[in-house]
Every structure is written in structure tokens, then in C-alpha cells.
Amino acid sequence: MIIGLDVGGTHTDAVLISQNGLEKEVKVPTDESRLFETVLAGIEALTDGVDLKDIRRVVLSTTLAANLIVQNKLPPVGMVVAGGPGIDPELFRTNPHYFIVKGALDHRGREIAPLDEGAVEAAVKALKKTGIRYAGVATKFSVHNPVHERRIAEIMAPHFERVFLGHQLSGSLNFPRRVATVYLNAAVYPIHKQFFEAVKQSLASKGLDVPLRILKPDGGNMSFDSSFDDPARTILSGPSASVMGALAYAPKSGATLVLDIGGTTTDMAVLIDGVPLLAPLGIEIGPYKTLIRALQTQSIGVGGDSVVRLTDNGLTIGPDRMGRAMTYGGPVPTPTDAFCVLGLVNGGDHARAEEGMQILAHKMGRTLEETALSIFDQACRQIMAAAREMIDNINSKPVYTVHELWEGSEIKPRHLMVLGGPAPQFADRLKEMFDGNVSVVPHWQVANATGCALARTTSEVLLFADTARQVAVAAGEQFHKEITHTFTLDDARDLALQLLRDKAVKRGANPEHIEMEVIEAYQFNMIRGFHTIGKNIRVRAQIKPGLIRGYDPIAGKLRREDL
Amino acid sequence: MLRAKNKTGLVFFPAFDWAISPTHPEREERLLYTQDQVFEEGLLDIEGIVEYKPDLVTVKDVQRVHFCVPDPWAVMTESHFISAGGAKTIGMAVMDKKVDRGFALVRPPGHHANRVVHGARGFCNVNIEAIMVEYLRRAYGVDRVAIVDTDCHHGDGTQDIYWHDPDTLFISIHQDGRTLYPGSGFLNEMGGPNAVGTTINIPLPPHTSDEGFLYAIKEMVLPILADFKPELIINSAGQDNHYSDPITNMNFSARGYAQLTDLLQADIAVLEGGYSIEGALPYVNTGIILAMAGLDYNHLSEPDYDPERYRQSPATTRYIEQTGVKVLKNWRQRKALTEAVRVQPDCGQRSRRIFYDTDSIYETQLENIRICDDCAGALRIESTSDKRGSILAVHLPRKACPACKAQAYQWYETAPAERFNHIFLQDRLDDAYHIRKSRVPR
Ligand SMILES: [Zn+2]
Ligand SMILES: [Zn+2]
Ligand SMILES: [Zn+2]
């Protein structure tokens, strides 16, 4: 049996999945200030009366790191960066203890200015005075040549508990995002470590000593151990849990729009031929744009508890929330109250829901029921408008080859899948607004926790080879190898797949069943004068997000002896 | 957070799968390192810099400018529809006020493509700036446009297309034609009899550095622009003036390009040439983008840049100053020069031989313009090439007067069909392109 647990803003959902399917589901309230207790309460409620020996794996998705960032509670860390020509690196400053040192590489990874080691030592000295224990290092073009990042880390290592290096976190080019990604990892690390070690220990002491996995925002999971190399990769895993929950029931062909309608927000994502679409670069959270790989999701402030207002332009829903719906004792009318008036949900205090609706109805000169229906319609319209905007954005994503531009086709979703608390009510109305098939994800209230439990381990590798410089670099894998000028694109593919396999196994993937794919493979002849001096090769390979082997989505059952 | 002062649109289309030939300067690799630099700098993440996917131009967009022989499909590949489309996308974003300014960082380039196209010359097949400008005129009613070509090569194609158009100011700054392809672009090339003065050439001596370029912009281009008062300024932003460019002899730097961009304040920039793909393009393009967005570019410099080494000689400085005096004098005296041109017999006629270096095609042209004070004048071109045969191309300008319209239709309708493989009429009054049945077997 597998436990999947997803901490949401209001509720924490947990499921237990076995050979018999969904064995058990629970919902406990989330206390953002006491996440540890929330997680344990969820697991306790779920495992009450269950034989712990049958549980083989626990997968968690939490808001721990995201809360730290959004609430500005990151601990102080030290940053050392080297930029070289271009935009002033001061403009990418992430925190007060941010040191810029001289040293530069060019776009092919050749040194154009030596590293100022003295300045690094001075930074170390200054940082030591503050008692800072965690640090991050980022240099421009380090993914093409990590030599400066490594040297800086070497100088710093003896003085810090942990130093994060930009090139090890992502192979993608984007120096400002590299700086932010390194910073978040260093800052999240101590709290992440403390939290998950405590969770693991408490579970073990209860007799649940099984592998612990953590969900990532790209819809895959990683092992407890590997999460310490990449703790910021736990940020915003919530939306990916929902998408993975819908995945089991998604059509295997065509484009599908997934809507997770919650109390505060509606999260949207797109599946293409049953595979979730990834964001081009990485997560954006608070003021930080990162290289943390994530599913392409969009969140809008429309949910069951969103504030309903009457403005000069008519009714508006959200984007804010002021507590719960009136029927549950909240202060202002919400879509949930409208459902209550329409008899679509039982709600709490029916009279309170009507009371709120009455004020709006009076102002609009409509009946109670008409008003409730207008609120419902408006919420649906806002959701569909945002969904259209997201699809337009996806369709306008630039491409860089003639082939892709010429052959590229537009995404037009023909399926809509709805999950989250008010999913069935919304689905009924959305059917009339959506040109295509609309369905409610089975177990819609806990589908996010199901997704969490069933997500497979994902990984990505980016390999860069320059046969003129005679190097192959997969910075994220700490791989740096001399190659000869006979190295080919096929060699690069093989190498990238090998590195990907190693990485996936290290992250906890089942070595017997690894589905890898090469998603980009470019080879450029490098011509200087009239001579070919070498080839510039770039290969990107991944294990795409999907469900673990052995899960039968039709029966909803786990067909694996080992789990 | 880094925020652009000017909202800046960007189309980046490096055409990573297209080359003229494997070792040609115009090959797949050309914008690879530029992409790496642009991505690594995080330019596309900057608040206020918006990346657009290029649209494709239509055949109608192409035929608004060109006479393609025998038709657009014969002289264009997919990549040309995209690079011209990228320029058009930026033009629309600016006109729709989605952005304040924009840069089409696209390839292949276009400024050596003439009005009549038999094939590729100077790596260019169709003129991507002209296709954009004429689209914007048609779709948005733009009238007066200035195109400032800062590519190291004379923008002879753009000059050809706007030779007779008094509403388009074409200024080309380039390495002296006696020392570089295409061997044209001298001071005395000032436009046809209906548009004397609105073609301006500023040839600069080899080894001109930042100082000389910026002098030409400040002392010649900017005063003339202020006088002409265009509604739109387009920069044909070639980058082959760079000191490291392998096919030219100039000494311009990346920061110099950024300063030029800052001074010129073009609404739209379109990439043209530039073949120092590692030493120049990554830095020059970053500089242009930063300058367009109104961001600080003072930390930008090529790794090997040494201003002392690339300083221009006092003789060069003097030569450029003298050129400036002549350029401004011609501009001020353009009315008098028009009179002088028009008294010459046969002033409405030009005959030319045009060589397509890229495709090895020889073309001969006989051109007749109707001298007109009311419009840009009806234009008749007989063109023959060794590969594609003979055509008659009649162009009726955008704001043609009735007399010119009558003349154009008469040329088109009465042309002896047995002499030409194709007979075309580009009627810009109606935004139509007509093809007359010819009697010569193809
Ligand atoms: Zn020029
Ligand atoms: Zn050029
Ligand atoms: Zn006329």
C-alpha cells in the first residue's frame, strides 16, 4: 500500500492505495503554522486501524518551502556570484549577504577573466562573522563550464555546513534564475532538513519505517535522501499533485484541460496525449524566477470561498477570499453560498447563505435564485476566460526552427477534467460553456493525494558537447568529460540517456522500468573561415511525468506485489 | 526587480535548421551563441521585454513590395516567410501599442533584395523591412517612414525599392563601396527624379570606429530625421561593422552599437548582417536589446575589446566630418537638386545590370518612371535574367495620381505579350497584384 498526502492551503488530503484500489481517504484541516503536526495528524487519521506492515511507501507534497518564501521567512544565507560582461549582477541581488567577485567565462565556457580568489576569501571572512552556515554559488555560463563555481565552492566548503552550486541544480542557461535557484536552495535547506528528518523519525517511531518520497512541481517524486541536494525542488508541488491525480483518468490522445477548483483558487493545467505540459523554464514564486522545473500551471483567484462583489460592471468573483462561505459562518457571500441557495450543496446554515444572497439580489433587483445563478455563471465565465488566456499563451510560445514553426499545430483542448471540492457542481455548468467533453475526476475531493501517491520519479538531463574544445558537460550531473573530435550526436544521445538513467535511479526510480526520451537534440557545425573546427551539440533528455508502473487506471487498482 | 523603461517587443528567430549552404556565413550556427548569451543574461525574463512568436507573411504581403520571377514560391523558402513575418510581428506589436519599440532578431536578412527578385543576392531573397513597412502602411495608414540602415554593406535593395518614394527616407551608413560589396552607396546616389534627396548614403572609410559611427548618427542622421519628421523610424540593424567581423573592415564595438541604438531611438529594429558569430553578435545583440529597453549597458563589453587598439585615425575623423558637410548640404539643397536632375534628358530612365552573387544570376533592367509632382510616379521595369527569362513589371505607387494610374494601366495592358514571359502590375491604390496572360511559352 502507498500513502499519498497533499498539504493544501485549507485542507490536507491523504489517501491509502492498495491492490484493492482506494482503500481509505481522509481530510484534515491544515494549520500553516504547525505543518509538522498537520502532516502527522493526516497520517494518523489515515492509518487508524490499518496494519502498518502493509504500507510500503509514503509520498508527501507540502507547502513548507513555499510558505517560507511567500511569508518572507527565509533564514540568512551567503551568496557568492561572478557575472562577467553583460547585465550588472548587482541587479540580481537576492539577499543582504550577496558578494560579487571578478571572474568570467564566455558563452562557450572559455575563461575570459580569471577568478578573483582573494575576493572569495574576503567574502568567506565576512560571512563567518555573521555566523551564516549555508551558502550558494552561481557564475555566468557555469553550465557550459563549472570551473569557477567549483573553485569558489572549494574555498568556501571548509567554513560552511552546506554550499549549493548553480550548475548542479539545472543545466539550463539563465544566470539570473540560476542565482535565485541557488539562493532558494541554500535558504530552504536547513528548514527542509529539520522538517523531513523529524517527519521520518516520527513515522518510524510509530512503526512506519518505509521509504519516504517527496513530490516535485514537475509532477514527479524524488527520494528522501536526494531531496537534500535539491530542497527547493519541493516548492509548489501542490498543483502538480492535482494534475497527476487527473492523469489516471485522462484521455490518451488530444489536448485536455485540467481544472482543480478549490476554496481559494482554481489551478489549471494542460495534458497533451495524456502527458502534462511542462513550463518552459521554471517556477516563479514571490519575487523569484527560478530554474526549478515545473508543470505549466496557472492559478486564478476564483474558488468556492472567493468574495462575490457587485460592481458597476456587474458581478465579480475573487480574487480574494475572506474566510469561509457565509453558510459556514464566513463574513461575505461566496459561490459556495450560491450553491447552497440553489440546493446544489447542503452547506451549513442555509439561512445565513440566503441572507448574504438577499443583499446582492436586492441591489440587482433579481430573485434569490436568479442572483445565485448569476454568481455561478460569472465564476464559470472567469475560469474559462483564464483558461483561454493560458491556452493562448501556450500557443504563442516561440520556437526556433523553421520545421517547428512551419509544422507546429495549435493546442485546442477537447476534454475538460474537473477536480476539487465543488467539482461536480461546476462540471455541470461548464458543460454548457465548453466545446468538448467535460468530466469529473473520480474521487475528485482527494484526487490530488492520489496523484501524489502514484507519481513516478522524474528526471531531466541536459548535455552540452563542444568537439572543438573537446569537452562534454552535463553540469547538473557534475559530469565533465574530455571527448575527441569524432564525438557525434548519437554519442551525445547515448551519453545523455546513460546520465539520465543514473540520475533517476539515484532519485529513487525503479531501474527495471525507466521510460526515457530525448526531447531536444541539436548539432551545429562550427565553421571558422572555410573550415569545420568542430560540432556544437546540445541534447536534452527526460523521464516525463506519469504514473508508476503497475497502476491500473481503469480498475483504479495497484497491481504490484512490492507496493 | 529589473524592469525595462521602454516596453520592448522581441522576435527571436535563429532558424536553427536553415542555411544557404553548410559553410556559408548565413548558416545554422549564426545565432547560436547569441541565443546562449540572450538566454544566459535572462533578457527574456526582464519585466517589460516581451517575446513574440513570428507570424508568417503572406504572398500578398510579398507582392505588395516585390515582383518575384516567376512567383514568390520560386525565390523564397519557408525561412523567408518567417523572417519577414518576424519583422511584421514586431511592426504590428508597435502599431497596436502592445510595446513601445521592438527588435526582430531574425534571419535570413533582406536589405540587398531589390524590387524585382530573380533569386538571392548578398544572402538576401526578399526585403524584410520593406515587406513590413508596406504592410504597416496598408494596415495602419502609416505614411512617412524613415529607414536607417546601419549594416556595414550598402543597403542597395532597400534603396532600390524606395528610390522613387518621397515618403520614405532611406539613410544607409556603410563601409565605402569602393572597398566592399555591393560596391554602391555613394554620396551622389540621392533618389529618382520624383524623390531626390530622400535617399541618403553615408559611406565611411574602412577602420572607422565608434567615434565615427556615432558622429554620423549625431551630426547627420539625427538632424535629417528631425527635419523629415517620420511617423516611424526603422533601423536595419546589421552588425557587421564590428571590429571582429570576418567579411568587413570596420572597428565598431558592442557598446558603440548600444549607444547608436540609444541615440537613434528607432521604433523598430530588424537584424540584417553580422557574421562574427562568437566575438560580436552575442554582445552586440545584448547591447541593442538593453538599449532599446532603456536598460544600463555599461557593464557590457566584448572580452577582447581594447578601445585604444580600435581608435580611428585623425585622417578618418576628418574624412567623416567632410562627408557630413556634403550630406547635410545635399539634404538642404534637395529641391534645387531635383530641378537639376529633371532638366537632364532621359532623367526618367535607368538601365542597369544586376548580379546575384549568392545565386549567380545576371539580370539586366530598363526602368522608366513617369516624372510627376503629384505622386511618386508610375514605374515601368523591363527585367531579363539568364535563369528566369524576361518580365515586364509595372508599379503603381500607394498614393498614385489619376494620370500615373492611367499610364501604369496603359503600360500593363499594351505591353507586347510576345516579348515577355510574365507581365505584372502592382497596383498599390487597390492593393492588388495583377498577372497578364503571356504568349511566350514558359
Ligand atoms: Zn548600410
Ligand atoms: Zn552586411
Ligand atoms: Zn503621379
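Residues numbered from 1 in each chain as written. Chains lettered and ligands numbered in written order. Predicted model: local features only at pLDDT ≥ 70, side-chain atom pairs only at ≥ 80, totals over all residues. Heavy atoms only, no water.

> It is not clear to me how the coordination of the zinc ion (ligand 2) should be interpreted in this structure. Could you clarify?
Four donors placed tetrahedrally around a metal ideally meet at 109.5 degrees, and six donors placed octahedrally ideally meet at 90 or 180 degrees. Residue and element names in this part refer to chain B. For the zinc ion (ligand 2), every protein donor is listed as Asp 151 (OD), His 153 (ND1) and Asp 240 (OD), and the spread of their distances is 1.9 to 2.0 Å. Summarised as a motif, the one-chain spacing of the donors to the zinc ion (ligand 2) is D-x1-H-x86-D. Of this pair, Asp 151 sits in the loop between strand 6 (145-149) and helix 6 (156-162) while Asp 240 sits in the loop between strand 9 (232-237) and helix 8 (254-264); the two residues are 89 residues apart in sequence, bridging distant segments of the chain. Overall, Asp 151 belongs to the buried group, its relative accessible area being 0%. (Donors = N, O, S within 2.8 Å, 3.2 Å for Na, K, Ca; no water. Helix = DSSP H or I, 4+ residues; strand = E, 2+ residues; numbered from the N terminus. Buried < 20%, exposed > 50% of the residue type's maximum accessible area, 1.4 Å probe, protein only.)

> Is there a simple way to explain unusual backbone geometry in this structure?
When glycine is set aside, most residues are seen to have a negative phi, and most peptide bonds are trans. All names here are of chain B. Cis peptide bonds are those with omega within 30 degrees of zero, and the linkage from Arg 107 to Pro 108 qualifies with 0 degrees. Its location among the elements puts Pro 108 in the loop between strand 4 (101-106) and strand 5 (116-117). In this structure, the amide linkage connecting Tyr 181 to the following residue, Pro 182, adopts the cis form with an omega of -5 degrees. The phi torsion at Lys 97 lies on the positive side, around 60 degrees, for a residue other than glycine. Note that Lys 97 resides in the loop between helix 4 (78-95) and strand 4. On the accessibility criterion, Lys 97 (71% relative accessible area) is exposed.

> Any chance you could explain the nonpolar core here in plain terms?
Counting residues in hydrophobic clusters, the biggest one holds 123 residues, and the most contacted among them are Ile235(A) and Ile202(B). When residues no more than four places from it in sequence are discounted, the contact partners of Ile235(A) are Ala65(A), Ala66(A), Ile69(A), Leu184(A), Pro217(A), Ile283(A), Ile285(A) and Ile292(A). In this structure, Val402(A), Val94(B), Ala104(B) and Val142(B) belong to the second largest nonpolar core, which totals 44 residues. (Core = buried A, V, L, I, M, F, W, Y, C linked by side-chain atoms within 4.5 Å. Contact = heavy atoms within 4.5 Å.)

> Explanation requested: the coordination of the zinc ion (ligand 1) in the structure shown.
Residues and elements named next belong to chain B. Only Asp 149 (OD) and Ser 172 (OG) from the protein coordinate the zinc ion (ligand 1), and they sit 2.5 to 2.7 Å from it. Within this pair, whereas Asp 149 is found in strand 6, its partner Ser 172 is found in strand 7 (residues 168-175), the two being separated by 23 residues in sequence. What makes Asp 149 buried here is its relative accessible area of 0%. For Ser 172, a relative accessible area of 0% puts it in the buried group.

> Just checking my understanding: could you explain the domain arrangement of chain B for this structure?
Bring the parts together and some accessible area is lost; that lost area is often taken as the interface size. Residues and elements named next belong to chain B. Looking at chain B, the domain boundaries give domain 1 (3-332) and domain 2 (349-436). Computed over C-alpha atoms only, the centres of domain 1 and domain 2 are separated by 27 Å. Contacts between domain 1 and domain 2 engage 36 residues on the former and 40 residues on the latter. Between domain 1 and domain 2, the buried area comes to about 3,000 Å², and carbon and sulfur atoms account for 50% of it. For domain 1, the biggest contributors to the area lost against domain 2 are Phe 67, His 118 and Asn 194; these three give 24% of the whole. Across the contact surface, domain 1 and domain 2 share 10 salt bridges. Across the pair Asp 431 and Arg 138 runs a salt bridge, and its minimum N-O distance is 3.3 Å. (Domains from an automatic or database assignment. Buried area = accessible area lost by both parts, 1.4 Å probe. Salt bridge = Lys/Arg side-chain N within 4 Å of Asp/Glu carboxyl O.)

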